[in-house]
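# Residue-level structure breakdown
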Amino acid sequence: MIVELDKNNKELIEQLEHHFHYVLMDVLSDLESNPFSNYLLYIDNGDIKGYINYYLMYDRAEIANFDVLIEYQNQGIGTKLLDNLIKKLEGKVINITLEVRCDNEKAISLYKKFNFIDKALRKNYYNGIDGILMERSMDKMKDVYVLGIESSCDETSFSIVKNGCEEIATVVSSQIDIHKDYGGVVPEIASRAHVKNVTFVLEECLTKAHMTMDEIDLIAVSNGPGLIGSLLVGLESAKTLAWLYHKPLIPVHHIAGHIYANNLVKRLSFPLIALVISGGHTELIYMDKDYSFKKLGSTLDDAVGECYDKVGKVIDVDYPAGPKIDKMAHEGSHTYNLPMPLNDASYNFSFSGLKSAVINLVHNEEQRGKEINKEDLACSFQEVVVDILTKKTLNALDEYHVKNLILAGGVSANRGIRERFANLCENKNINYTFPEIKYCTDNAAMIAAAGYYAYLDGRVADYTLNAYSNMELK
Ligand code: KG4
Ligand code: ZN
């Protein structure tokens, strides 16, 4: 049975002090001098086997000590005590906090089971060992509104997303027209344009959502990878807002954002394989739970989107060439012979050879005085891209026994890629989700969605947070 310790019960107090003498010195004087202190006891046949000492301070509770006698551990006594305490405090407090040694894996996993999340690291809290401050929100019904900020390349975007899955409002200001004349993004011009745009885009987003900054719970920002000058504009905006409005600041890896664009369509199911295909990335990623990423392979040179854009230059298609080549591919047929790049058993990709093959083909035809059929070339090129992407992705699904596939990144807007994956997945009974077309390319809705899960994973940053042009997805 589980009971609250009554300060008049001398016998139980003595037993408690005796069993847990290494921590509990004088329980009676603690109870008499500290009006917030309480002890929850697990008693079996008159013997105390475990206890929780907690402080109940108005609308908050803190677990000060929690222990089960060593000979009775692993019997579920800790789980029962914690479950009892949480039920007891439901409706009475906003949250329960505690500190735990960072190497106490058993305790941490118990707390996580009860939805405690990491809030902060307490350096050297236990004589040279770090402590982790964990918190369990008791406000289960409260919705969490995340403000997402994205500025890693040439889109300035703000978005508000509820509970990681429901988009409230998004504004994307694209600089495509500014960079078009240069055939690609010019970093210096991009960061200046971000500086000019941020305040307007934020205001428009709040207006569209009919919300004020006070109603926002978290601020999530993409702090890498990307163009460093561009990233810094978003990051500084995020820090300023977090500081001004006292909101937690959550860093989000840009690729985690692309992945969570799918969560706005349908809740992610695990385990899953994500094929990330964008202007800067081509990666296969395995996830067995939220915000846990294992990279299986990536491109050794150019990203697939970059390859589309470079091929676009050779056949006189404006930047960004991806969408236009996709359209042309549907108007042509597969007549040109191009090599399957890095057609091996690995999960890595290579696209620079394919790009060179297209360049050579165009030059050779020109030298022979033959005119290239651009639609046929687009189709032949896209077929090879789709072949290699689907082949390696299906291998990964097979090897890891995974039944869920998602696509992510700008290139996942590609019609040829979507059609082929949809067909293959239907044949093989694999669940698939593609992001909405408008959220395939860079946007802040995906950052806000990912930010919610990063927060649940305890990834709160302080104001020393930096931006990185290269950053591993971890
Ligand atoms: O994800 P994103 O907006 O930026 C990065 O994080 O890199 O992706 C932009 C890339 C560009 O290279 C663009 O050409 C490509 O996505 N893209 C496409 C399509 N739509 C955009 N590539 C192929 N087919 C498309 N339909
Ligand atoms: Zn992107």
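Everything that follows concerns the structure shown earlier in this document.
All of the points below concern the structure found in this document.

About the cut-offs
- Residues numbered from 1 in each chain as written.
- Chains lettered and ligands numbered in written order.
- Predicted model: local features only at pLDDT ≥ 70, side-chain atom pairs only at ≥ 80, totals over all residues.
- Heavy atoms only, no water.
- Core = buried A, V, L, I, M, F, W, Y, C linked by side-chain atoms within 4.5 Å.
- Buried < 20%, exposed > 50% of the residue type's maximum accessible area, 1.4 Å probe, protein only.
- Helix = DSSP H or I, 4+ residues; strand = E, 2+ residues; numbered from the N terminus.
- Contact = heavy atoms within 4.5 Å.
- Near = heavy atom within 4 Å.
- Polar contact = N/O pair within 3.5 Å; in protein donor to acceptor, adjacent residues only side chain to side chain.
- Areas by Shrake-Rupley, 256 points an atom, 1.4 Å probe, with all protein chains shown as cover.
- Nonpolar A, V, L, I, M, F, W, Y, C, P; charged D, E, K, R; others polar.
- Pairing = 2+ DSSP bridges.
- Phe/Tyr/Trp six-rings, centres within 6.5 Å; stacked < 30°, edge-to-face > 60°.
- Lys NZ or Arg CZ within 6 Å of the ring centre and 35° of its normal.
- Donors = N, O, S within 2.8 Å, 3.2 Å for Na, K, Ca; no water.
- Axes fitted to C-alpha atoms, helices over the stretch in contact; angles between N-to-C directions.
- Disulfide = S-S within 2.5 Å.

### Brief notes about the nonpolar core
Counting residues in each nonpolar core, the largest one holds 49 residues, and the members touching the most others are Ile273, Leu338, Phe351, Leu377 and Phe381. For this core, the secondary-structure elements that each account for two or more residues are β13 (272-277), β14 (282-287), α9 (304-314), α10 (322-329), α11 (352-367), α12 (374-399), β16 (404-408) and α13 (415-428). Ranked by the residues each element gives to this core, the list is headed by α12, at 12 residues. For Leu338, the contacting residues outside a window of four places in its chain are Leu354, Ala357, Val358, Leu361, Leu377, Ser380, Phe381 and Val384. Core analysis: the next-biggest nonpolar cluster, separate from the first, contains 36 residues, Ile117, Met287, Ala450 and Tyr452 among them.

### Comments concerning the site of ligand 1
Near ligand 1 you find 19 residues, and of these Gly279, Gly280, Asp309, Gly410 and Asn414 are the closest. His258 places a side-chain nitrogen or oxygen 3.1 Å from an oxygen atom of ligand 1. Surface burial for ligand 1 is 89%, taken as the share of its 560 Å² of free accessible area covered by protein chains. Those elements that provide at least two residues to the shell around ligand 1 are α8 (254-260), α9 and α10. Residues that form the shell around ligand 1 fall into these classes: five nonpolar, 11 polar and three charged.

### Description of the pairing of β14
The two faces of the sheet receive side chains in turn, since in a regular strand these alternate between them. Of all six residues that make up β14, six are buried, and the element is covered over most of its length. Where β13 folds back on β14, the antiparallel hairpin that results is connected by four residues. Taken together, β14 and the strand that follows it, strand β15 (residues 294-298), pair antiparallel across an intervening segment of six residues, in which Tyr291 is found at a positive phi of about 55 degrees.

### A look at the packing of aromatic side chains
Per the counting criterion, the structure on display carries 16 aromatic pairs. Both rings, one in Phe349 and one in Phe351, keep their centres 6.2 Å apart while their planes meet at 15 degrees; by these two values the pair is stacked. Exposure remark for Phe349: the relative accessible area of 0% places this residue in the buried category. On the basis of relative accessible area, Phe351 is assigned to the buried category, the value being 0%. In textbook terms, an aromatic cluster arises when at least three aromatic residues are bridged by ring pairs, as seen for Tyr260, Tyr291, Phe293, Tyr452 and Tyr453. The ring centre of Phe349 lies 5.8 Å from the NZ or CZ of Lys392, which sits over that ring.

### Looking at the coordination of the zinc ion (ligand 2)
For the zinc ion (ligand 2), the full set of protein donor atoms is His254 (NE2), His258 (NE2) and Asp442 (OD), and the range of their distances to it is 2.0 to 2.1 Å. Read in sequence order, the donor residues for the zinc ion (ligand 2) give the motif H-x3-H-x183-D. Taken together, the positions of His254 in helix α8 and Asp442 in the loop between β17 (431-433) and α14 (445-456) put the pair 188 residues apart, joining distant regions of the chain. Neither residue differs from the other here; His254 and Asp442 are each classed as buried.

### With respect to the sheet that holds β17
Strand order across the open sheet formed by five strands is β15-β14-β13-β16-β17, with mixed pairing between neighbours. What marks the edges here is a single partner per strand, and that holds for β15 and β17. Across this sheet, the average inter-strand angle for adjacent strands is 20 degrees, counted without regard to direction. Sitting on the sheet, α12 is in contact with β13, β14, β15 and β16, with an inclination near 160 degrees to β13. Where α13 meets the sheet, it contacts β13, β16 and β17, and its direction lies at approximately 175 degrees from that of β16.

### So, the environment of Ile325
Relative to the helices and strands, Ile325 is located in helix α10. For Ile325, a relative accessible area of 0% translates into the label buried. Once the C-alpha coordinates of Ile325 and Asn414 are considered, the two residues, 89 residues apart in sequence, prove to be 9.3 Å apart. Excluding residues within four positions of it along the chain, Ile325 makes contact with Tyr308, Val311, Gly312, Ala378, Phe381 and Gln382.

### Let's talk about the state of the cysteines
Per the counting criterion, the structure on display carries zero disulfides. In this structure Cys307 is a free cysteine whose sulfur lies 15 Å from that of Cys379, the closest cysteine sulfur available. Of all cysteine sulfurs, the one in Cys440 lies closest to Cys425, which takes part in no disulfide; the gap is 15 Å. A relative accessible area of 1% places Cys425 in the buried class.

### A few points about the sheet that holds strand β8 (residues 145-150)
Read from one edge of the open sheet, five strands run β10-β9-β8-β11-β12, paired in mixed fashion. Each end of this open sheet is capped by a strand with a single partner; those strands are β10 (166-174) and β12 (249-252). Ignoring which end each strand starts from, the neighbouring axes of this sheet average 15 degrees apart. Relative to strand β9 (residues 155-162), helix α6 (residues 187-209) is tilted by about 25 degrees, and along the sheet it contacts β8, β9 and β10. Sitting on the sheet, helix α7 (residues 228-245) touches β8, β9, β11 (218-222) and β12, and the angle it makes with β11 is about 170 degrees.

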